[in-house]
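Single-letter residue listing:
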Amino acid sequence: MKPQLTLGVSLKMYFGYQQTLEWSRQIADIVRRHPVIREGQVELFVFPSLPAIAGTLEAFRGTSVSVGAQNMFWEDAGAYTGEVSGTMLREMGCGYVEIGHAERRRYFSETDKQIADKTTAALRNALIPVICIGEAQRCTAAQAIEQAVDQAQQALAPAEKQGLHGDAILAYEPQWAIGAKEPASADFIGEVCEGLAARLAENAHGARRVIYGGSAGPGLLTQLGSRTGGLFLGRFSHQPAAYKAILDEAFTLLLSPANRS
Ligand SMILES: O=C(CO)COP(=O)(O)O
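Scope of this entry: the structure provided in the associated data block. Keep in mind that this is a model prediction, so the values were computed, not measured.

**Re the layout of surface pockets**
- Each pocket or cavity is described by its volume, and for the largest pocket that value is around 580 Å³.
- Among the elements of the structure, α5 (102-108) and β8 (230-233) are those that each provide at least two residues to the lining of the largest pocket.
- Element by element, the count of residues in the lining of the largest pocket is highest for α5, at four residues.
- Of the residues contributing to the lining of the largest pocket, the split by class is eleven nonpolar, ten polar and six charged.

Dropping the structure here:
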């Protein structure tokens, strides 16, 4: 059965090496015991800093948590000092890779073209790209949908032209809600995620899951119900207890009659 809820975490550059491994072991423990896993309808992934990927893969071995990178390069090999290929990530056992986060656009001037090339490289290497999209300034839900559809299509079009039709996750992250005190309102998130999912389903070959990120934490999933495909978590997943609380909410949501019919 296809997952009905996706819960991803990016640790960004917050944790040290040992801290990442310790957090991963604690989360692995929580996941192993959690009843939501038996439902088999949650998709879980974690993006640590690059040097911690091997240890994080080890920590999550035997669990349903996939590990991936926060970024990758668009070529598979060559003279590209400091970069990391999708080929190596795949070889190591990664299943996912984050592409085009707003912080990479802001601090590293990543362009739409580079994001599209990275998306293509991810799909070429059988990695599920988690493509970050979302408006820079507050706007209406209708405007946010238009911008997000445009960004998603730009990222995916070259891959689709090459016949690379693998699954992709669209992480809708309004840039003004990243690193904020609280997320966007549940009404706004629900409207944009639903609108976006409907528009992306129109021409897609592969599955296109839409999840929300931007100061997401415990409580949000319950407010959103099935209006989002899941959450992309940042700071508010740092406490293992908060992560467990979100898994509890996912469990309740998946058992609700609306999801059972
Ligand atoms: O950018 C995010 C996830 O990649 C969200 O981060 P915060 O939840 O810390 O705002």
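**Points about the packing of aromatic side chains**
- Inspection of every chain in the model, using the stated rule, returns ten aromatic pairs.
- Centre to centre, the rings of Phe-45 and Tyr-96 are 5.0 Å apart; their planes meet at 25 degrees, and the pair counts as stacked. You can see Phe-45 sitting in strand β2 (residues 42-47) and its partner Tyr-96 sitting in strand β4 (residues 96-99), a full 51 residues away along the chain.
- Phe-45 sits in the buried class, given a relative accessible area of 0%.
- Judged by relative accessible area, which is 7%, Tyr-96 ranks as buried.

**Brief notes about the sheet that holds β4**
- In space, the eight strands of this closed barrel follow the order β1-β2-β3-β4-β5-β6-β7-β8, with parallel pairing throughout. Strand-to-strand, the axes of this sheet are offset by a mean angle of 25 degrees, without reference to chain direction.
- Bridge count between strand β3 (residues 65-69) and β4: two bridges; the pairing is parallel. Directly across from Ala-69, in β4, lies its bridge partner Val-97.
- Each of β4 and β5 (128-133) is contacted by helix α6 (residues 112-124), which is oriented at about 175 degrees to β4, the strand it contacts most.

**Considering the nonpolar core**
- Within the largest apolar cluster, 70 residues are counted, with the highest numbers of intra-cluster contacts made by Leu-89, Tyr-172, Tyr-212 and Leu-231.
- At nine residues, helix α7 (residues 141-161) tops the list of elements feeding residues into this core.
- Not counting chain neighbours up to four residues away, the residues in contact with Leu-89 comprise Leu-50, Ile-53, Ala-69, Asn-71, Met-72, Val-84, Cys-94, Val-97 and Leu-127.
- Counting ten residues, the second-largest nonpolar core is a separate cluster that includes Phe-45, Ala-171, Ile-211 and Phe-232.

Procedures and definitions
Residues numbered from 1 in each chain as written. Predicted model: local features only at pLDDT ≥ 70, side-chain atom pairs only at ≥ 80, totals over all residues. Heavy atoms only, no water. 1 Å grid on protein atoms, 1.4 Å probe; cavity = no way out; pocket = protein on both sides within 12 Å on 5 of 7 lines; lining within 4 Å. Points joined across faces, edges and corners; volume = space filled by probe spheres on them. Helix = DSSP H or I, 4+ residues; strand = E, 2+ residues; numbered from the N terminus. Nonpolar A, V, L, I, M, F, W, Y, C, P; charged D, E, K, R; others polar. Phe/Tyr/Trp six-rings, centres within 6.5 Å; stacked < 30°, edge-to-face > 60°. Buried < 20%, exposed > 50% of the residue type's maximum accessible area, 1.4 Å probe, protein only. Pairing = 2+ DSSP bridges. Axes fitted to C-alpha atoms, helices over the stretch in contact; angles between N-to-C directions. Contact = heavy atoms within 4.5 Å. Core = buried A, V, L, I, M, F, W, Y, C linked by side-chain atoms within 4.5 Å.

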